[in-house]
Amino acid sequence: MVEARRPSQTLAAAASFFNGERLTMARQLKGLKKSHLASRIEMSPASVTAWESGAKQPNRATVAKLALALQVEPQFFGGGAPPKANKPHFRSLRSTPQIAQDEAEAYGRFVAEIAGMLENAVEFPEALLPDLPVDPDERSMTPEEAAREARQFFGVGPGPVQHVVRLVERSGVVVVFSEPGVAAIDAYSLHSATRPIIVLNPVKDDYYRQRFDAAHELGHLIMHHDAEPGGKVAEEQANRFASEFLMPAEEIAPFLPISTAGKAWATLAELKEYWGVSLAALLYRARALGVMSDVSYRNAVIRMSQNGWRRAEPGRISSLEMPSILPRAREVLHEAGVDEASFLAGSGLPVELYKTAASRVPVVAAAS
């Protein structure tokens, strides 16, 4: 049995092998600016900048203060650099505060690190996605063509995709729910050094919209390796990919109503349950395919607003699609007698955040 290190030894090791990138990650995970962290530990923002850049090393006492302020174990700072990752694809950079972007990116890198650690203990599916680049001018391929090729790659036959999250996980994409209380950012995705990652925000708590979110992010992972995250063109392309991926034009167009008169809403409700998409997505699809005129679409959206369906649509399915790669790996470790604290002991990674990332269901924020 390995003898447990004394706190002084842990602090000494953390100070000696201190990695500034891990300080940045811990700070961003807490949603703090450098000035806020500096205030908490009663040091200057310049000192925080110097530690994060690697220009200076904090002493043991400072490492202890940083660990306490950021709620991580001291050894967290002594690990190697967090896994490299591309900038996440956010829905709108303009409406997403920089501090929220930083927190989301740090969470993505945290998930990548956890996935890498779990994969050392549990076998994961091979990470294998089609590479179907779509440039802004769509010279070589359109999002719709990419979606059709993707359906073929994944072996999706005619009709709806039965379980979007399970489909992408079978191709080695790690799907997780976001941290509790983070409502500023919708779903997002990123390519990391370990795995492609999709982070779903369960705040909307809507099965139908969640499936579209997952397909949207899958589109980014497949089409936009080099695209500037958050750009209007890339976001519109991801929406078009998701629409064709979930609702192939040839299959759905004949059944979409040309207006919402008569029994059209009943028809839309049936289509919603069959294809597993929202009423809003169906209306958007009807207009995009030229089945519904702009006037009819506008009237339908007004009706949706009047009925309160823009916020919460009626639907039969109340539970979200659940991720399984990380949760199952965590369960396998539990079955082998390895609990969370033991698994994370040498890394210093926060246990509660690990539980969030490796949970099958969204973790609810504690009441303040």
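Look a little higher up for the structure.
Description of the structure in this document. (Residues numbered from 1 in each chain as written. Predicted model: local features only at pLDDT ≥ 70, side-chain atom pairs only at ≥ 80, totals over all residues. Heavy atoms only, no water.)

### Points about the pairing of strand 1 (residues 174-177)
In plain terms, the rule: Remark: exposure states derive from per-residue accessible area (1.4 Å probe, protein chains only) relative to the maximum for the residue type, with buried under 20%, exposed over 50%, and partly exposed in between. Labels follow the DSSP assignment, with helices taken as runs of H or I lasting at least four residues and strands as runs of E lasting at least two, numbered in each case from the N terminus. Pairing between strands is defined by DSSP: at least two bridges between them are needed.
Alternating residues of strand 1 divide into Val174 and Val176 and Val175 and Phe177, and every residue in both groups is buried. Sheet analysis places strand 1 next to strand 3 (residues 196-200), joined by four bridges and oriented parallel. When the bridges of strand 3 are listed, Val176 appears paired with Val199.

### Quick word on the packing of helix 9 (residues 207-223) against helix 10 (residues 232-246)
Applied cut-off: Comment: axis = line fitted to C-alpha atoms, over the contacting stretch for helices; angle = value between 0 and 180 degrees taken between N-to-C directions. Rotating anticlockwise by less than a right angle from the far helix to the near helix defines a left-handed crossing, while the corresponding clockwise rotation defines a right-handed one. Contacts are residue-level and defined by heavy atoms, with any inter-residue pair within 4.5 Å sufficient. Each residue gets one label: Ala, Val, Leu, Ile, Met, Phe, Trp, Tyr, Cys and Pro are nonpolar, Asp, Glu, Lys and Arg are charged, and the others, such as Gly, are polar.
It is at 8 Å that the axes of helix 9 and helix 10 come closest, and there the two elements cross at 115 degrees. Along this stretch, helix 9 crosses helix 10, giving a crossing that reads as right-handed. Across from Arg211, Phe212, Ala215, His216, Leu218, Gly219, His220, Ile222 and Met223 in helix 9, the residues of helix 10 making contact are Ala234, Glu235, Gln237, Ala238, Asn239, Phe241, Ala242, Ser243, Phe245 and Leu246. Broken down by class, the residue content of the contact of helix 9 with helix 10 amounts to eleven nonpolar, six polar and two charged.

### Remarks on unusual backbone geometry
The general pattern is negative phi for most residues beyond glycine and trans for most peptide bonds. In the Ramachandran plot, Glu42 falls in the positive-phi region, its phi being about 60 degrees despite a non-glycine side chain. Assignment of secondary structure puts Glu42 in the loop between helix 3 (34-40) and helix 4 (45-53). If you check the backbone angles, Glu138 has positive phi at about 55 degrees while not being a glycine. Along the chain, Glu138 turns up in the loop between helix 6 (98-119) and helix 7 (143-153).

### Topic: the nonpolar core
Applicable threshold: Here the nonpolar core consists of buried residues drawn from Ala, Val, Leu, Ile, Met, Phe, Trp, Tyr and Cys, with membership extended through side-chain atoms lying within 4.5 Å.
With 53 residues, the main nonpolar core has Phe77, Tyr107, Phe110, Val111, Leu118, Leu326 and Tyr354 as its most contacted residues. Looking at this core element by element, the count peaks at ten residues for helix 6. Discounting residues that sit within four places of it in the chain, Val111 has contacts with Val174, Val176, Ile197, Leu326 and Ala357. In terms of nonpolar packing, the next biggest core, distinct from the first, is built from 51 residues, Ala187, Ile198, Trp275 and Leu282 among them.

### Some details on the sheet that holds strand 1
Pairing in this open sheet of three strands is mixed, and the strands run 1-3-2 from one edge to the other. Every other strand in the sheet has two partners, leaving strand 1 and strand 2 (188-191) as the edge strands with one partner each. Pairs of neighbouring strands in the sheet enclose a mean axial angle of 20 degrees, with direction left out of account. Sitting on the sheet, helix 6 touches strand 1, strand 2 and strand 3, and the angle it makes with strand 1 is about 125 degrees. Helix-sheet contacts for helix 9 involve strand 1, strand 2 and strand 3, and the interaxial angle to strand 3 is about 155 degrees.

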